[in-house]
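# Structural characterization, general
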Amino acid sequence: MKNMKKWHSGYVAMIAASVSLIGFSACQDDEGPMIPEQNVVELAAEDPDFNTLSTAIEEADLVTTLSSDGPFTVFAPTDAAFGSFLIDNDLTAEELLASSSLSDILTYHVVSGTRLSTDLESGAVSSLEGTNFYISEDPTGNFWINGSAQVTEADIRASNGVIHQLDGVIVNPSQTIAEIAVEASEATNPEFTQLVAALNRVDLVEEVNGGSSDNLTVFAPTDAAFEQLYEDLGVSGLEEISDENLTSILLYHVVPARAFSQDLRQDASLPTLLEGENLTVDLANLQINESGLISNSLNIHGINGVIHAIDRVLIPSGL
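What this report covers is the structure whose coordinates are included nearby. The model shown is predicted, which means the values in this text are computed figures rather than measured ones.

## Observations regarding the sheet that holds strand β11 (residues 216-221)
Read from one edge of the open sheet, four strands run β12-β11-β18-β17, paired in mixed fashion. In this open sheet, the two strands that pair with only one neighbour each are β12 (254-255) and β17 (300-302).

Dropping the structure here:
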């Protein structure tokens, strides 16, 4: 599926850029506060960074909606963001603008009400499209959406709301964690084949196959990580690991919270689905316990949570 091309879009948010603020067109009298004159549609139309967004708003018949009183908060992808989105999804601009899903894509970037940068906080946000997207604040104070798009300019005030500029296009996920892993295992260059086989072996597929309210994070060992495990244990494969031990190992890789890489903090202790067993975050070395986070395979967003690929299988204490 096209949205699987987001595979390489995630990365650990360690850059130290501040969220910048820009002014807005306004009128004011001698005593009153600054009052924006233009609505979000008009502001976007005049900004050279939002040409594609403005055209898309027109093509999706959203001009009237977004020109109404609102108020609205628009997380607005730049032209460069749309350009990357087209490449990642093997689309032309014409195909995107003609897409039946264009309105849903755009309204997924819009929130009812005015939310300035001072109002933003980590967690789920209900979009105008009807489903949630997820805000993360990284350790340097930058805001990210769905772990893949950063707010690069904030608080562009409009008469009917506010615009926050994004450096990426966000898309509502259409697959669960389990479905993402299975699709990856069946790809031309397969990955997670051993993880999928292990989940099936001990009937844990449904643990990572739920709905949006489940909010899971799976630290997913690559096939190479499993091969290293077999070598370390002196076994030839999964069949030589007991069901009990394999179940414990797999549950130890799942955190009952939707934690994008930007949500992780140095020395944080993350509870897992294996009762009484936690994982330790080492951002300085990009590790979870002794396993390295694979930087180009982070923040793989699913309906029920997020996947981060890791380069070693995590072993709980006592095994």
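## What about the nonpolar core?
Val-208, Phe-219, Leu-250 and Leu-279 are the most contacted members of the largest nonpolar core, which has 45 residues in total. Of all elements in the fold, only α7 (177-185), α8 (193-201), β11, α9 (223-233), α10 (243-251), β12, β14 (278-282) and β18 (305-310) reach the threshold of two or more residues within this core. In contact with Leu-279, other than residues within four places in its own chain, are Phe-219, Tyr-252, Val-255, Ala-268, Ser-269, Leu-270, Thr-272, Ile-288, Asn-289 and Leu-314. Leu-53, Ala-81, Phe-85 and Ala-158 belong to the second-largest nonpolar core, a separate cluster that totals 28 residues.

## Digging into empty space enclosed by the protein
Considering all chains together, one arrives at five cavities of 30 Å³ or more under this definition. The space that makes up the largest cavity amounts to roughly 130 Å³. As for the largest cavity, its lining consists of 17 residues, and the residues nearest its centre are Leu-195, Leu-199, Val-208, Val-218 and Val-254. Counting residues per element, the ones that place at least two in the lining of the largest cavity are α7, α8, β11 and α10.

## Things to note about the packing of α8 against α9
When two helices pack together, their arrangement is given by the angle between the helix axes and by the axis-to-axis distance. Close contact between α8 and α9 brings their axes to 7 Å; oriented N to C, the two are set at 70 degrees. The angle between α8 and α9 places the two elements in the roughly perpendicular class. Residue-level contacts link Thr-193, Gln-194 and Leu-195 of α8 to Asp-223, Phe-226 and Tyr-230 of α9. Broken down by class, the residue content of the contact of α8 with α9 amounts to three nonpolar, two polar and one charged.

## Details of the packing of aromatic side chains
Taken as a whole, this structure holds four aromatic pairs when the rule is applied. Relative to Phe-260, the ring of Tyr-134 lies with its centre 6.3 Å away and its plane at 40 degrees, an arrangement referred to as tilted. Remark: Phe-260 occurs in the loop between β12 and β13 (269-271) and Tyr-134 occurs in strand β7 (residues 132-137); sequence separation between them is 126 residues. For the pair Tyr-134 and Phe-260, one class covers both residues: buried. Pairing Phe-226 with Tyr-230 gives two aromatic rings, centres 6.3 Å apart and planes at 45 degrees, and the pair type is tilted. Residue Phe-226 and its partner Tyr-230 are both found in helix α9; the two are separated by four residues, about one turn of the helix. Taking relative accessible area as the criterion, Phe-226 reaches 1% and is therefore assigned buried. Within the aromatic cluster, the residues linked to one another by ring pairs are Phe-75, Tyr-108 and Phe-133.

## Description of the sheet that holds strand β16 (residues 291-292)
The four strands lie next to each other as β13-β14-β15-β16, forming an open sheet whose pairing is antiparallel. The outermost strands of the open sheet, each flanked by one partner alone, are β13 and β16.

## Notes on the environment of His-301
Counting through the fold element by element, His-301 comes out in strand β17. C-alpha of His-301 to C-alpha of Ile-180: the two residues are 121 residues apart in sequence and 8.9 Å apart in space. What His-301 contacts, discounting residues up to four positions off in sequence, is Tyr-134, Asn-146, Pro-173, Ile-180, Arg-258 and Phe-260.

## Digging into the side chain of Asn-304
Among the secondary structure elements, Asn-304 is positioned in the loop between β17 and β18. A relative accessible area of 0% places Asn-304 in the buried class. Beyond its immediate sequence surroundings of up to four residues, Asn-304 is in contact with Thr-176, Ile-177, Val-208, Asn-209, Gly-210, Gly-211, Ser-212, Asp-214, Asn-215, Leu-216 and Arg-258.

## Some details on the pairing of strand β6 (residues 123-126)
Across four bridges, β6 lies against β7 in antiparallel orientation. The residue of β7 that forms the bridge with Ser-126 is Asn-132. What sits between the antiparallel neighbours β6 and β7 is a turn of five residues, in which Gly-130 has the positive phi angle 115 degrees.

## Notes on unusual backbone geometry
The peptide bond linking Gly-70 to Pro-71 adopts the cis configuration, its omega dihedral lying at 0 degrees. Positioned with a positive phi, Asp-90 is a non-glycine residue whose angle comes to about 55 degrees. Relative to the helices and strands, Asp-90 resides in the loop between α4 (79-88) and α5 (93-98). Relative accessible area serves as the criterion here: at 55%, Asp-90 is assigned to the exposed category. In this structure, Asn-289 is a non-glycine residue whose phi angle is positive, near 55 degrees.

## Concerning α7
By the burial criterion, the buried members of α7 are Ile-177, Ala-178, Ile-180, Ala-181, Ala-184 and Ser-185. Looking straight down α7, one finds that the buried residues subtend no more than 165 degrees of arc, so they occupy a single side. Tucked into the core, α7 has its buried residues touching α8, β11, β17 and β18.

Quick notes on the rules
Residues numbered from 1 in each chain as written. Predicted model: local features only at pLDDT ≥ 70, side-chain atom pairs only at ≥ 80, totals over all residues. Heavy atoms only, no water. Pairing = 2+ DSSP bridges. Helix = DSSP H or I, 4+ residues; strand = E, 2+ residues; numbered from the N terminus. Core = buried A, V, L, I, M, F, W, Y, C linked by side-chain atoms within 4.5 Å. Buried < 20%, exposed > 50% of the residue type's maximum accessible area, 1.4 Å probe, protein only. Contact = heavy atoms within 4.5 Å. 1 Å grid on protein atoms, 1.4 Å probe; cavity = no way out; pocket = protein on both sides within 12 Å on 5 of 7 lines; lining within 4 Å. Points joined across faces, edges and corners; volume = space filled by probe spheres on them. Axes fitted to C-alpha atoms, helices over the stretch in contact; angles between N-to-C directions. Parallel < 35°, antiparallel > 145°, perpendicular 65-115°, else oblique. Nonpolar A, V, L, I, M, F, W, Y, C, P; charged D, E, K, R; others polar. Phe/Tyr/Trp six-rings, centres within 6.5 Å; stacked < 30°, edge-to-face > 60°. Arc of directions from axis to C-beta.

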